[in-house]
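# Topology and contacts: notes
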Amino acid sequence: MKKIRKTRQVTQGGVRRPEKKEGTMDIGTATHSFFNDPHCGDQYRWWENKDSVTLCMVDGLGHGIEAEKAAKAAICCVSRNLCEPLPRIFEKYDREISHTRGVAMSIVIVDKRNSVLTHAGIGNVSVAIRGRKKINLSSDWGIVGGGYRKLNTNTADLDAGDLVLMWTDGISERLDVSGYDNFPYIGTQELADLILRDHAKETDDATILIYKG
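To start, this report covers the structure provided alongside it. The structure displayed is predicted, hence computed values, not measured ones. Every chain is numbered independently, its residues counted from 1 as its sequence is written. Predicted model: local features are reported for residues with pLDDT of at least 70 only, side-chain atom pairs are reported and counted for 80 or more only, and whole-chain, interface and lining totals are derived from all residues. To obtain the side-chain values, all non-hydrogen atoms of the structure were included, while hydrogens and water were left out.

Before going further, it helps to examine the environment of G60. Under the DSSP-based scheme used, a helix requires at least four consecutive residues in state H or I and a strand at least two consecutive residues in state E, with every element numbered from the N terminus. With respect to the secondary-structure elements, G60 resides in strand β6 (residues 52-60). On the basis of relative accessible area, G60 is assigned to the buried category, the value being 1%. Residues G60 and I143 lie 83 residues apart in sequence; the distance between their C-alpha atoms is 9.6 Å. Residues in contact with G60, not counting those within four places in the same chain, are G41, A67, A71, G102 and V103. Throughout this description, buried means an accessible area under 20% of the type-specific maximum (1.4 Å probe, protein chains only), exposed means over 50%, and partly exposed covers the range between. Contacts: residue pairs with any heavy atoms within 4.5 Å of one another.

Each strand in a sheet pairs with another by means of backbone hydrogen bonds, the pair being arranged parallel or else antiparallel. For two strands to count as paired, DSSP must find a minimum of two bridges between them. In spatial order, the strands read β5-β6-β7-β8-β11; together these five strands make up an open sheet with antiparallel pairing. Two strands in the sheet have a free side with no partner beyond their single neighbour: β5 (42-48) and β11 (153-157). The mean angle between the axes of side-by-side strands here comes to 15°, regardless of whether they run parallel or antiparallel. Where β5 meets β6, seven bridges bridge the pair, whose relative direction is antiparallel. Directly across from Q43, in β6, lies its bridge partner V58. Strands β5, β6 and β7 (103-111) of the sheet are contacted by helix α1 (residues 64-80), whose axis makes an angle of about 15° with β5. With axes taken as lines fitted to C-alpha atoms, and helix axes fitted only over the stretch in contact, angles between N-to-C directions fall between 0 and 180 degrees.

Looking now at the pairing of strand β4 (residues 26-32). With six of seven residues buried, β4 is to be regarded as a mostly interior element. With seven bridges joining them, β4 and strand β13 (residues 206-212) adopt antiparallel strand pairing. From the neighbouring strand, T31 faces β13, where its bridge partner is T207.

This is the structure we're talking about:
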């Protein structure tokens, strides 16, 4: 039986993140580690200001403490460079953690004023938009910390109520949330818990983050 770690608390996996407050962002998250290891290679964080929301999901290669160290280092690097363009953030981190096993990483920036999403990713962290539209945002091949050839950025318009989903490869990249009745109207935390329960693999760390615009 999977041990589902609900992440409504201020800390998760040792990474401090903002406490969710009423009137701010609507985000749900759920995660479990490989064989309930106390160390998890999946890490995430988000940041908000008056103009934008930045979401980051990281999957350290492999499992256990070394994967967790690499993933936490990625979160710290993003946190220090939020004002940088996405390609610059990836370039900096690729150099900074070349001594680690590396990570897969996706970053999403939501422009709240213009309802536009920008995404960049390296490796197998999946990102999708679900609601009035169905969009899968592609990542490029490579390992952050191990080198990659190119980094493309994707943009998409967001409608009110759209869901932005980010998940690691402990959940199938073919995840289909349309199987949940009225999924756009389910609370983000409830939906995250359901997805983890129904789709997480026993043989890997698994994490999902859902943001509602």
